[in-house]
Structures are given as structure tokens and as C-alpha cells.
Amino acid sequence: MKKHTQKLLAGSAAILSFASHGTAVAQDNVSQAATADDSQGGVNVIVVTAQKRAQNLQDVPVSVTAFDDKMIAEAGFTNSLSIGDQVPNLEIKTFGGVPNIFIRGVGNNDFNSSSIGPISVYRDDVVVASTGSQIFSLFDLERIEVVRGPQGTLFGKNTTGGAVQFFSKLPGDVFEGNARVGYGRYNLFEGEVAASLPITDNFSVRVAGMVRRRDGEKTNIFDNSDAINVDEAAARAIFRLRPGPDTDIRLTVGGGRDRSDYLENKPVGVINGGDLFGYTDPFPNDDGILNFNGLSRNFSDNVFVNFVVQHDFGDWSIRSLTGYDKSDVDNAVDVDGGPLRIDEIVFLTDAEQFTQELQLSYDDGTLNAIGGLYYFYEDFNARSNADLVGELTFAQGALPLITQATRKNKAYAVFGQATYAVMPELRFTVGARYTIDKVRATHQADLIPNFFDMNIPNGAPVTLVPFANLRDTYKSFSWRLGVDYDLTDDVLAYFSVDKGFKAGGFNIGIITSLAERTQVDPETLISYEVGLKSTLFDRKLRLNLSAFYYDYSDLQVLSVNTQAGSAVPTLGLDNAADATIKGVEVEAFATPTDWLDLGLNFGILDAKFKNYLSGAIDPVTGLPRDFSGNRMPGAPKFTLSANAQVTVPVGRFETRWRAEYNFTGKKFYNNAEDQLVSSGEGYGLLNLRASLVDPDNDWEFALWAKNVTNKAHIVDATDLRGFGLVPRYFGEGATYGAELRLSF
């Protein structure tokens, strides 16, 4: 990374030199803007940067769901994957340590760590591309934004479906902070602390950290141990220098460690009720009891450094964003979920990334424009040790499959977007981005006899998929056209057409034949969206509506199939012909009185493949599998989140009573619209929270409970019929606890 460090220092020096000669104009401050608008009363105002500038959520002609710090605390979000239940048409799951994020049916269903999803994750405006870094603890956040729909202009490649952004609280000018400690079921312990430390008049630091530990909430009867233990810790420091009213310089250093267990499964046997060796789950109706004999770990380490320099001069502003991220992952998964060695995999990955973005923006009240340059570099290494059919160690059917892969990816982009007000209430937007992706990869897969038997020396490797150097270059043009109109001072209507894309690449994950090492072309999506954003009844109601239609072409899809005459599933990554997606989203928040808050979000979705004839062969018919007309994975027809909070004064204190209900309709986890590889029926989860608050001394004591009814719900499933089973992964059961929050 030496050459990237040199680029960082040289680029930063150039920006600082330029900034020192600018004309003074104060920059927008997100927190101050929100505070000023909130003084009007009514629904809370959330200021977002979904268009790379600070705006009231209600003034942004884009579908955005946003949570401020208060909403994050009340929802009890713990990590970057925990937000899915409360965002319309957002679904998040994980398998093999790889997050699978779907927005409006657009997502990634690949469990290989080498996979690249069409949803981008951002931490303080810097993309987090590696799957090993995308799962991180949430603490001391200013806000979360989920931007739905393709964002190919301002956010760049691999945002076919949207972007999820997390923003840390910045250092302030005075000493202040907060702390939280909590205890709950299964010996849950949570601790969090953050503080802003002013060093001089123009230099301050904010430090924050957290720990979260919990015993397993399920029992593994194989060895009578707890299963799915949690052990997380993370810390972050932000250094902020403001040498003048026009210049803002920030350096963020952070990291996290995870020593938790993996989310293990309960298998369903498909060969006369059992798996390949006849095993049947002895407790099929109790999702709290597991019975596996393999290793279970979800270990990861992550460090990141972000450096941001911004300077304003007149109507202009220049900004540099530099990011470095490194992750190391060691996951062990007993995929078959039973007491026998059938499918057990260890995923080992390490990844480094470096990004540099330069932005130049202009805003004179009539014209708002931004343009920039972007550079991305990734160095990815992966190894997978798969113990397949290990019960046959001394037979020729045993498959100790060792896969090794690397990828070096460089991307360059130039982009721009402009919004022009032809009259005060009517604005037109046009944007474009040109991207060049250079992908270089290596891959091989060998069988190494006796690899999983510590008492016998390894045999000579047997080449299964020969070593190969793979490379290609992809060039893409994405764009945006939009118009928005103020129907009244409090009602905004908008229409947009966007093109997004996801770069092409290679299938370099766990495969057993050369035919599976496929290359996929870029996928593209054209989105048509119409929406309405309104703040009604003297700011008592915020109501946002959107409707959309997607024309989706060459989408990259992973298929898990079983070839005729083979007991080992094959993994095919190919371009489905096309798909169509259409839907409606409604987000409402109301404060009809000073003591009552009401929220309702829901999404309706129709996401289907069109003309999708898979390259995989159906083991029954011997013909290519036809998925045309099937619902896409991770695309339930209906999602809903509703909440109500009542505030009751008790002397100088306040009591707050909150109920939240999140419903997810039936969703499939494979392309075949397979009933067994699905969530079953839709499910709803009820969460409760009651708190006692002292507004004067800034403390809160709360009792909370999640999944109060202990609803069993399937959050993932995998088709492994070649091994005679379908692993099903269940979400968390009923949990409860108490916490104390302090502000100082």
C-alpha cells in the first residue's frame, strides 16, 4: 500500500494548498440545519446527503429512508445488517459471512466471499466494497440513509439497486458525550461510550467505542453447548481541524473485531426424510435446538482510515475523500447442520481497498452542480477449505476441496450532475458517469487427500479446476434524468429515469468443474420512478409515496444445482436474460398530539425473471432449468413496519411506551421459486420498549423486548439436495433486557 499512501499525501497536500487561497463562505452544517427546522414543531426534520449535499429529506427527489440518532436508539439497531425490518422493500441476510442485501428485489444471492453485490455500503461517504468489511457494529451514529433505486451518477458502480449509508457523529466545539450500558437475556452485556474533546478553538476529537457479548441463544445438543454466541468490539476516533470558517479537515481511524459464532442451521432431509446418510433432525419443530458437530465461528478483524478535506469559496466548494480499508475473515460453517461430516467449509479471506474521490460543486440558488473524479483499488485474496462428504474419508467419494482465488480490481470514473431551477418551484436534473473497470483474477481448485485428517499426512494435490489467470476490462456509461416540482410549499412531486450498472467479473468461488468458472457480463437496470413527498396538517404528518418500474437486463445470478448422476451440487454464475420489477412504497410519520408518535412504512413488490433459461441442467428432465416467470430471491410481495409511541409525564420525568411490529411476506432464497427453499409463510415480529427519561439531567432507563411472541422465522435457506438436505437458518427468538443511557 506504499504507493497508495504516497498518492494520499500528495493529493491531500494539493487540496490543502488550494484551500488556503479560497474566499470565505461558511459551509452547510447538517446538525444545525435540522435543529433550525425542528424549532417549527411537528414531525422531526431529518437532513440527508443523498445527493452529496445537505438537504431536508422532504426536499430530495429520491426515495430515501433515513434514521436520526434518536430513531436509531429506539429501534435498537446493533450492526449494519439489523436495519432491514424497518425499511420498505429492503431485505438483508448473510451466509458464509457474506452479507446479501436486496433493495426492491435487486441484490446478491451469492455466498462466496468473492461476490460483489449491486448494493453499495458507505461509511462516512467512503464506499465499503469488501464483503468482509460490510458487517460492522453500529455506535455513536448521526444518521443512517437507505437510498433506493440505481445511483449510478453520484455513487458510481455496483449501485444497481441502491446505497446504504452510515454517518458517524462529528467532534463538537465543547466537551460533551454519552454512555450506555445494558444487560439482557442470555447474559447479554452491552457497553458504549462516546465523547467530543475540544483541544483548541479549531481542533477537536471525538472518540467512541463499544462492546457486545452474549451467550448463545440456541442449544447444540451434539455437545450440550451454547450456540450462536456473540462477542463484538469496535472503536473509532475522528480528528477535526477547522483552520477557518471555510475549511473542514477530518481524519477518521477505526476498527472492529468479531469473535462470535456463526448462525448455524437446522436441516430438512429430502431423501425419505433424511440426508445423504439418513440423518433426521430429532427436534424439527424447535428452532432453539441444533445438532451439529462442526466448527462454528464468524471471526473478523477490520481497520479503516478516512481522510476528508473540504473548502468553500464563494458559490464553489471543493472536497477530497480518501479511504483505506482492510479486513481479515475466518468463518467456519457446518453447512449440513447435522452430526455427520457432509458439508463443512472454512472461509478465509483478506482484502484491502483504497479509494480517492475529488468533488467540485457549485450552488448559486438557481443552479446546483457537482462534478468529480473517482479511483478505486482492491486487492482480494480468498481460500475455502471444504470438507465435502467427509464421512467417506477412506472412500473415493470423499472430496477435500481446497479453493484459492485472488482478485485485483481497479476502477476509474468521471461524473457530474446538475440541477437547474427554471422557475422557483420547478427544477430539472441531469447527471452522467463514465466508468472503466479493470479486473484481474486467479483461481484454482484442488482435492488434497487426507487434508481434514490430522493423523495422516496430506496426499498429493489432485487438480480439479486448473489454475488460471483471468482478466477483462469493462466500460460503462450511467446517467440520470429528473424533474421535480413544488405543488405547494409542503408538497414535492418528482419523476426520474435512471440507468445503473454492475460491472462484469468471474465466478471464482467454490466450484467443482471448469464449466462453472464462468465469466459474466455487466448487468444494467433502467428505472422509472414517480414520487410525492409531503409535510401536511401544520407539520403533524410526513407522508412520502413512490412508484417504480425497473427494466433489468443481463442480471448476474448464482444458481445452486445438482447435475444428473452427481451427489455434489454445482454453482453456476451467469447472466439471466432479463427481469421486470415494479412496486409501490409508502412512508408515513405522524405526531397528532404532543404525547403520541405514529409511524407506518410498507412496500408492495412484484419482481420476476423474464426469459431466464439457466445454464444448469435439471437432474430429472435432463434439460436446462427454466426460471422464466419465477419470483426473484429476496423479493417478498409485501413488507410492513408500524410503530406507536406514547409519552406520559410523571412529575418532572417522562415515561415513553413504544410498540413496533415488522412484517415480511413470503420470500424465496433461490431462483426456482422452491417452497422448501423459502421463508415459508410471511412472519411478523413484535418489539416493545418502555423508558423513564429525565430531560433535565439527560438520562434514560429503558426496558425492551424483541420478538416478544418468540416467533420462529426462517431468514435463509440453501438448496443442497445433492447432499440430501436443505439447510434452514432461523432468526433470533425472544430476547429482552434493560439499559441505562447518560448524556454529559
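What you are looking at is a predicted structure, and each value in this text was computed from that prediction instead of being measured.

Enquirer: Quick rundown of the overall build of the chain? Include the residues and the values.
Expert: When helices and strands are tallied, the chain shows 3 helices and 44 strands. What you see for the chain is a C-alpha radius of gyration of 26 Å, in line with the 27 Å of a compact globule of 744 residues. Relative to its full complement of 744 residues, the chain shows a buried share of 58%. Put simply, of all contacts in the chain between residues at least 6 apart along the chain, 67% involve residues at least 24 apart. For the chain, the accessible area works out to roughly 29100 Å², and carbon and sulfur atoms hold 58% of it. Between the averaged position of the 66 positive side-chain charges in the chain and that of its 93 negative side-chain charges there is a distance of 3 Å.

Enquirer: I'd like a description of the nonpolar core, backed by residues and values.
Expert: Formed by 27 residues in total, the largest nonpolar core has its most connected members in Phe111, Val335, Leu388, Leu401, Ile510, Leu571 and Phe723. Within the residue set of this core, elements represented by two or more residues are strand S22 (343-363), strand S23 (367-388), strand S24 (399-423), strand S25 (426-447), strand S32 (556-562), strand S33 (569-575) and strand S43 (725-730). Counting residues in each nonpolar core, the second largest holds 21 residues, with Ile72, Ile119, Phe136 and Leu141 among its members.

Enquirer: Tell me what's going on with the side chain of threonine 131, and back it up with residues and numbers.
Expert: Turning to its location among the elements, threonine 131 is positioned in the loop between strand S8 (126-127) and strand S9 (141-148). Filtering out sequence-adjacent residues up to four positions away, threonine 131 remains in contact with Gly97, Val98, Pro99, Ser113 and Ser115.

Enquirer: Provide a residue-level description of the environment of glycine 42, including the pertinent values.
Expert: Considering the arrangement of structural elements, one finds glycine 42 in the loop between helix H2 (30-38) and strand S1 (47-48). Look at glycine 42 and you get partly exposed, because its relative accessible area is 37%. Placed 42 residues apart in sequence, glycine 42 and glycine 84 show a C-alpha to C-alpha distance of 27 Å. Sequence-distant contacts of glycine 42, defined by excluding residues within four places in its chain, comprise Arg539 and Thr591.

Enquirer: Mind laying out the pattern of salt bridges, listing which residues take part and the relevant values?
Expert: In the structure shown here, the tally under the stated rule is 45 salt bridges. We note a salt bridge from aspartate 696 to arginine 652, for which the minimum N-O separation is 3.8 Å. Of the two residues, aspartate 696 is situated in the loop between strand S40 (683-694) and strand S41 (699-706) and arginine 652 in the loop between strand S38 (638-650) and strand S39 (653-664); the sequence distance between them amounts to 44 residues. Given the relative accessible area of 47%, arginine 652 is considered partly exposed. Two residues, arginine 656 and glutamate 654, come together in a salt bridge whose shortest N-O distance is 3.1 Å.

Enquirer: Break down the side chain of serine 120 for me, citing the residues and quoting the values.
Expert: As for its position among the elements, serine 120 is in strand S7 (residues 119-123). Look at serine 120 and you get buried, because its relative accessible area is 6%.

Enquirer: Please provide a residue-by-residue account of unusual backbone geometry, values included.
Expert: A positive phi angle is found at phenylalanine 537, which is not glycine, with a value near 55°. By the element assignment, phenylalanine 537 lies in the loop between strand S30 (523-536) and strand S31 (541-553). One non-glycine residue, arginine 539, lies in the positive phi region at around 65°. Relative to the helices and strands, arginine 539 is located in the loop between S30 and S31.

Enquirer: Explain the environment of serine 478 to me, and be specific about the residues and the numbers.
Expert: Turning to its location among the elements, serine 478 is positioned in strand S26 (residues 462-488). Relative accessible area serves as the criterion here: at 0%, serine 478 is assigned to the buried category. Between the C-alpha atom of serine 478 and that of alanine 432, which follows or precedes it by 46 residues, the distance is 5.7 Å. Serine 478 has contacts with Gly152, Thr153, Gly431, Ala432, Arg433, Lys499 and Phe501, leaving out every residue within four places of it along the chain.

Enquirer: Please provide a residue-by-residue account of the packing of aromatic side chains, values included.
Expert: One pass over the structure, following the stated rule, counts 15 aromatic pairs. Seen in terms of ring centroids, tyrosine 375 and tyrosine 412 are 5.5 Å apart; in terms of plane orientation they differ by 50°. Their pairing is tilted. With tyrosine 375 in strand S23 and tyrosine 412 in strand S24, this pair connects stretches of sequence that are 37 residues apart. When its relative accessible area of 13% is taken as the criterion, tyrosine 375 is described as buried.

Enquirer: How would you sum up the sheet that holds strand S42 (residues 714-717)? Please name residues and give values.
Expert: Strands sit in the order S18-S43-S42 across an open sheet of 3 strands; the sheet is antiparallel. Unpaired on one side and paired on the other, strand S18 (266-269) and S42 mark the two borders of the sheet. The mean inter-strand angle of the sheet, taken between neighbouring strand axes irrespective of direction, is 30°. Taken together, the 4 bridges between S18 and S43 define a ladder with antiparallel strand orientation. Of the residues in S43, the one forming a bridge with proline 267 is proline 727.

Enquirer: Give a description of the sheet that holds strand S4 (residues 90-95) that names residues and reports values.
Expert: Read across the sheet, 3 strands follow the order S4-S5-S6 without closing on themselves; strand pairing throughout is antiparallel. Looking along the sheet, the strands with just one partner apiece sit at the ends: S4 and strand S6 (106-107). Here strand S5 (residues 98-103) pairs with S6 via 2 bridges, running antiparallel. Following the sheet pairing, phenylalanine 102 is matched in S6 by glycine 107.

Enquirer: Explain a nonpolar patch on the surface to me, and be specific about the residues and the numbers.
Expert: A cluster of nonpolar residues, Val181, Tyr183, Phe189, Leu692, Phe701, Leu703, Leu740 and Leu742, forms a patch on the protein surface that exposes about 670 Å² of accessible area. Residue assignment for the nonpolar patch shows that the elements contributing at least two residues are strand S11 (176-184), S41 and strand S44 (735-743). Along the chain, valine 181 turns up in strand S11. A residue is classified by how much of its surface remains accessible, and valine 181, at 40% relative accessible area, is partly exposed.

Enquirer: Provide a residue-level description of the confidence of the model for the chain, including the pertinent values.
Expert: The pLDDT averaged across the chain works out to 90; a share of 92% of its residues lies at or above 70. Across residues 4-31, confidence stays below pLDDT 50; counting only partners more than four residues off in sequence or on other chains, it has 45 contacts.

Enquirer: Go over the pairing of strand S13 (residues 203-214), please, and point to the residues and values.
Expert: Across 10 bridges, the pairing between strand S12 (residues 188-198) and S13 is antiparallel. Pairing of valine 193 across the sheet is with glycine 209, part of S13. Once S12 ends, the chain turns through 4 residues before running back antiparallel as S13. Here S13 pairs with strand S16 (residues 230-244) via 12 bridges, running antiparallel. From the neighbouring strand, arginine 212 faces S16, where its bridge partner is glutamate 232.

The rules we used
- Residues numbered from 1 in each chain as written.
- Predicted model: local features only at pLDDT ≥ 70, side-chain atom pairs only at ≥ 80, totals over all residues.
- Heavy atoms only, no water.
- Helix = DSSP H or I, 4+ residues; strand = E, 2+ residues; numbered from the N terminus.
- Rg over C-alpha atoms; globule rule 2.2 N^0.38 Å.
- Buried < 20%, exposed > 50% of the residue type's maximum accessible area, 1.4 Å probe, protein only.
- Contact = heavy atoms within 4.5 Å.
- Areas by Shrake-Rupley, 256 points an atom, 1.4 Å probe, with all protein chains shown as cover.
- Lys, Arg positive; Asp, Glu negative; His and termini not counted.
- Charge placed at Lys NZ, Arg CZ, Asp CG, Glu CD.
- Core = buried A, V, L, I, M, F, W, Y, C linked by side-chain atoms within 4.5 Å.
- Salt bridge = Lys/Arg side-chain N within 4 Å of Asp/Glu carboxyl O.
- Phe/Tyr/Trp six-rings, centres within 6.5 Å; stacked < 30°, edge-to-face > 60°.
- Pairing = 2+ DSSP bridges.
- Axes fitted to C-alpha atoms, helices over the stretch in contact; angles between N-to-C directions.
- Patch = residues over 30% accessible without salt bridge, like charges linked within 9 Å, V, L, I, M, F, W, Y side chains within 5 Å.
- pLDDT = per-residue confidence, 0-100.

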